[in-house]
Amino acid sequence: MKTALKFNFKQIEHTEIEFIGEAPVAVFDISDEELVSFGPVKYDLKVHPVSGGALMTGFISLMTKRTCGRCLKRFDESLSVSDMSHFYERDENKEFDLIPDMREDILVALPLNSVCGKNCKGLCLVCGTDLNSGECGCENPSSFPNTDAWGKLDKLKISKPKPKGHKNGSSKKKKI
Ligand SMILES: [Zn+2]
Ligand SMILES: [Zn+2]
(Lines give C-alpha, C1' and ligand atoms only; values in the text may rest on other atoms or scores of the structure.)
(Ligands and ions follow the chains in the order given, each with its own letter.)
Protein backbone atom coordinates (compact mmCIF):
# COMPACT_ATOMS: atom_id res chain seq x y z
CA MET A 1 0.00 0.00 0.00
CA LYS A 2 1.38 3.33 -1.03
CA THR A 3 0.48 6.45 0.81
CA ALA A 4 1.32 9.62 -1.03
CA LEU A 5 2.60 12.02 1.56
CA LYS A 6 4.87 13.84 -0.84
CA PHE A 7 4.90 17.18 -2.55
CA ASN A 8 7.02 19.23 -4.91
CA PHE A 9 7.28 22.98 -5.36
CA LYS A 10 5.38 22.99 -8.66
CA GLN A 11 2.29 21.79 -6.83
CA ILE A 12 2.33 24.63 -4.33
CA GLU A 13 3.27 27.41 -6.73
CA HIS A 14 -0.08 29.15 -6.33
CA THR A 15 -1.90 27.17 -3.72
CA GLU A 16 -1.51 25.12 -0.59
CA ILE A 17 -2.10 21.38 -0.64
CA GLU A 18 -3.85 19.31 1.96
CA PHE A 19 -3.12 15.82 3.14
CA ILE A 20 -6.03 14.34 5.04
CA GLY A 21 -6.30 10.64 5.66
CA GLU A 22 -5.15 7.61 7.52
CA ALA A 23 -2.14 5.35 7.11
CA PRO A 24 -0.95 2.19 8.84
CA VAL A 25 1.78 2.83 11.35
CA ALA A 26 4.11 0.58 9.35
CA VAL A 27 4.26 3.31 6.68
CA PHE A 28 6.19 5.35 9.24
CA ASP A 29 8.59 2.52 9.93
CA ILE A 30 7.30 2.15 13.46
CA SER A 31 6.52 -1.34 14.71
CA ASP A 32 4.71 -2.71 17.72
CA GLU A 33 6.75 -3.34 20.81
CA GLU A 34 6.24 -5.37 23.93
CA LEU A 35 4.72 -2.48 25.87
CA VAL A 36 2.85 -0.69 23.15
CA SER A 37 1.05 -1.44 19.89
CA PHE A 38 -0.09 1.19 17.47
CA GLY A 39 -3.26 1.79 15.50
CA PRO A 40 -3.44 3.63 12.17
CA VAL A 41 -2.15 7.18 12.01
CA LYS A 42 -4.70 9.87 11.18
CA TYR A 43 -3.33 13.03 9.69
CA ASP A 44 -4.62 16.43 8.67
CA LEU A 45 -1.77 18.40 7.17
CA LYS A 46 -1.26 21.38 4.94
CA VAL A 47 1.74 22.40 2.92
CA HIS A 48 1.83 26.00 1.83
CA PRO A 49 4.42 28.22 0.19
CA VAL A 50 6.36 30.62 2.38
CA SER A 51 9.33 32.83 1.69
CA GLY A 52 12.23 30.63 0.62
CA GLY A 53 10.38 27.37 0.85
CA ALA A 54 7.31 25.59 2.14
CA LEU A 55 5.79 25.02 5.52
CA MET A 56 3.98 21.88 6.61
CA THR A 57 1.51 22.39 9.45
CA GLY A 58 -1.28 20.36 10.97
CA PHE A 59 -1.79 17.51 13.35
CA ILE A 60 -1.64 13.74 13.55
CA SER A 61 -3.27 11.35 15.98
CA LEU A 62 -3.27 7.64 16.63
CA MET A 63 -4.60 5.12 19.11
CA THR A 64 -2.12 3.04 21.01
CA LYS A 65 -2.54 -0.03 23.18
CA ARG A 66 -0.16 0.22 26.08
CA THR A 67 0.83 -1.73 29.14
CA CYS A 68 0.21 0.08 32.41
CA GLY A 69 3.50 0.75 34.15
CA ARG A 70 1.98 0.02 37.56
CA CYS A 71 -0.49 -2.84 37.19
CA LEU A 72 0.62 -4.22 33.78
CA LYS A 73 -2.92 -4.15 32.39
CA ARG A 74 -3.42 -3.28 28.72
CA PHE A 75 -5.30 -0.10 28.04
CA ASP A 76 -6.01 2.27 25.16
CA GLU A 77 -4.29 5.59 25.01
CA SER A 78 -4.61 8.13 22.25
CA LEU A 79 -1.57 9.98 21.11
CA SER A 80 -1.70 13.22 19.22
CA VAL A 81 0.73 15.74 17.84
CA SER A 82 -0.75 19.14 17.25
CA ASP A 83 0.99 22.30 16.14
CA MET A 84 3.21 20.46 13.75
CA SER A 85 5.46 22.78 11.83
CA HIS A 86 8.23 21.78 9.46
CA PHE A 87 10.02 23.95 6.98
CA TYR A 88 11.30 22.70 3.62
CA GLU A 89 13.83 24.78 1.76
CA ARG A 90 12.86 25.58 -1.80
CA ASP A 91 14.22 23.09 -4.34
CA GLU A 92 12.42 22.82 -7.67
CA ASN A 93 13.98 19.49 -8.57
CA LYS A 94 13.17 17.61 -5.46
CA GLU A 95 10.19 15.67 -4.22
CA PHE A 96 9.66 16.14 -0.51
CA ASP A 97 8.48 13.30 1.67
CA LEU A 98 6.53 14.23 4.80
CA ILE A 99 6.87 10.80 6.37
CA PRO A 100 10.27 11.22 8.09
CA ASP A 101 9.11 14.36 9.91
CA MET A 102 5.79 12.78 10.85
CA ARG A 103 7.63 9.74 12.15
CA GLU A 104 9.89 11.88 14.29
CA ASP A 105 6.95 13.80 15.75
CA ILE A 106 5.14 10.57 16.64
CA LEU A 107 8.19 9.14 18.39
CA VAL A 108 8.80 12.36 20.33
CA ALA A 109 5.16 12.40 21.48
CA LEU A 110 5.28 8.81 22.69
CA PRO A 111 5.53 8.77 26.49
CA LEU A 112 8.12 6.40 27.91
CA ASN A 113 5.84 5.24 30.67
CA SER A 114 2.10 5.19 30.92
CA VAL A 115 -0.36 4.38 33.66
CA CYS A 116 -3.92 3.21 33.06
CA GLY A 117 -5.28 5.86 35.41
CA LYS A 118 -4.08 8.47 37.86
CA ASN A 119 -5.37 6.36 40.72
CA CYS A 120 -3.95 3.04 39.62
CA LYS A 121 -2.72 1.32 42.77
CA GLY A 122 -0.46 -1.11 40.96
CA LEU A 123 0.53 -4.59 42.03
CA CYS A 124 1.46 -5.70 45.54
CA LEU A 125 5.21 -6.13 45.61
CA VAL A 126 4.91 -9.01 48.03
CA CYS A 127 2.30 -11.26 46.38
CA GLY A 128 1.67 -9.70 42.99
CA THR A 129 -2.07 -9.06 43.56
CA ASP A 130 -3.58 -6.24 41.54
CA LEU A 131 -4.41 -3.79 44.33
CA ASN A 132 -7.04 -2.13 42.12
CA SER A 133 -9.24 -5.17 42.56
CA GLY A 134 -8.99 -5.25 46.34
CA GLU A 135 -6.57 -5.75 49.20
CA CYS A 136 -4.39 -8.79 49.12
CA GLY A 137 -4.06 -9.62 52.80
CA CYS A 138 -0.33 -9.09 53.02
CA GLU A 139 0.78 -7.52 56.25
CA ASN A 140 2.62 -4.73 54.50
CA PRO A 141 1.29 -4.56 50.98
CA SER A 142 3.48 -2.24 49.06
CA SER A 143 3.06 -1.23 45.48
CA PHE A 144 5.56 -0.01 43.01
CA PRO A 145 6.72 3.46 43.91
CA ASN A 146 7.19 4.75 40.40
CA THR A 147 6.12 4.03 36.85
CA ASP A 148 9.18 2.27 35.58
CA ALA A 149 7.57 -0.66 33.81
CA TRP A 150 10.80 -2.48 33.12
CA GLY A 151 11.92 -2.31 36.71
CA LYS A 152 8.59 -3.76 37.73
CA LEU A 153 8.73 -6.54 35.24
CA ASP A 154 12.15 -7.42 36.57
CA LYS A 155 10.93 -7.55 40.14
CA LEU A 156 8.03 -9.78 39.14
CA LYS A 157 10.32 -12.47 37.86
CA ILE A 158 10.59 -14.03 41.27
CA SER A 159 11.71 -17.43 40.05
CA LYS A 160 14.42 -15.97 37.87
CA PRO A 161 17.52 -18.09 38.32
CA LYS A 162 20.43 -16.26 39.81
CA PRO A 163 23.30 -15.75 37.46
CA LYS A 164 25.99 -18.29 38.11
CA GLY A 165 29.62 -17.41 37.95
CA HIS A 166 31.75 -19.13 35.40
CA LYS A 167 33.41 -22.26 36.68
CA ASN A 168 36.55 -21.60 34.77
CA GLY A 169 38.71 -18.59 34.62
CA SER A 170 37.18 -16.56 37.42
CA SER A 171 38.86 -13.22 37.21
CA LYS A 172 38.67 -12.77 40.95
CA LYS A 173 41.14 -15.52 41.69
CA LYS A 174 44.68 -14.40 41.65
CA LYS A 175 47.46 -16.73 40.83
CA ILE A 176 50.11 -16.72 43.44
ZN1 LIG B 1 -2.73 0.34 36.04
ZN1 LIG C 1 0.13 -8.73 48.73
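Data block above holds the structure.
Residues numbered from 1 in each chain as written. Chains lettered and ligands numbered in written order. Predicted model: local features only at pLDDT ≥ 70, side-chain atom pairs only at ≥ 80, totals over all residues.

Draft legend 1. Region of the structure containing the overall build of the chain. Per the secondary structure count, the chain includes 2 helices and 6 strands. Written out in order from the N terminus, the α and β elements of the chain read β-β-β-β-β-β-α-α. Burial analysis of the chain (176 residues in total) assigns 20% to the buried set. (Helix = DSSP H or I, 4+ residues; strand = E, 2+ residues; numbered from the N terminus. Buried ≥ 20, exposed ≤ 12 C-beta atoms within 10 Å, placed from the backbone.)

Draft legend 2. Fine view of the nonpolar core. Ranked by size, the top nonpolar core spans 20 residues in total, and within it V41, V47, I60, M102 and I106 carry the most contacts. Among the elements of the structure, strand 3 (36–50), strand 4 (53–67), strand 5 (74–89) and helix 1 (99–109) are those that each provide at least two residues to this core. A total of 5 residues in this core trace back to one element, the largest contributor, which is strand 3. Not counting the four nearest positions on each side in its chain, V41 is found in contact with E22, A23, V25, F28, I60, L62 and I106. (Core = buried A, V, L, I, M, F, W, Y, C linked by C-beta atoms within 7 Å. Contact = placed C-beta atoms within 7 Å.)

Draft legend 3. How the structure looks around the sheet that holds strand 3. With antiparallel pairing, the 4 strands of this open sheet are ordered in space as 2-3-4-5. The two strands at the open ends of the sheet, each matched to only one other strand, are strand 2 (17–23) and strand 5. On average, adjacent strands in this sheet sit at an angle of 10 degrees to one another, irrespective of strand direction. This element, helix 1, spans strand 3, strand 4 and strand 5 of the sheet and lies at about 135 degrees to strand 5. (Pairing = 2+ DSSP bridges. Axes fitted to C-alpha atoms, helices over the stretch in contact; angles between N-to-C directions.)

Draft legend 4. Geometry of the environment of S37. Positionally, S37 belongs in strand 3. C-alpha separation for the pair S37 and V25, spaced 12 residues apart in sequence, amounts to 9.6 Å. The residues touching S37, leaving out its near neighbours within four places in the chain, are D32, T64 and K65.

Draft legend 5. Up close: the pairing of strand 5. By the bridge criterion, 14 bridges tie strand 4 to strand 5 in an arrangement that is antiparallel. Its bridge partner being in strand 5, T57 is matched across the sheet by S85. Where strand 4 hands over to strand 5, the hairpin turn is made up of 6 residues, of which L72 adopts a positive phi near 65 degrees.

Draft legend 6. Highlighting unusual backbone geometry. Positive phi is not limited to glycine here, since D29 has a value of about 60 degrees. For D29, the location among the structural elements is in the loop between strand 2 and strand 3. Overall, D29 belongs to the exposed group, with 9 C-beta atoms counted inside 10 Å.

Draft legend 7. Main features of the environment of L72. Examined against the element boundaries, L72 turns out to sit in the loop between strand 4 and strand 5. In this structure, the C-alpha to C-alpha distance between L72 and V115, residues 43 residues apart in sequence, is 8.7 Å. Not counting the four nearest positions on each side in its chain, L72 is found in contact with T67 and L123.

Draft legend 8. Molecular detail of the pairing of strand 4. For strand 3 and strand 4, the ladder comprises 13 bridges, and the chain directions are antiparallel. Residue pairing for strand 4: K46 is matched across the bridge by T57. In this antiparallel pair of consecutive strands, strand 3 and strand 4, the connection spans 2 residues, and G52 shows a positive phi of 85 degrees.

Draft legend 9. Just the environment of D32, in detail. Positionally, D32 belongs in the loop between strand 2 and strand 3. For the pair formed by D32 and K65, sequence separation is 33 residues and the distance between their alpha carbons is 9.5 Å. Filtering out sequence-adjacent residues up to four positions away, D32 remains in contact with S37 and F38.

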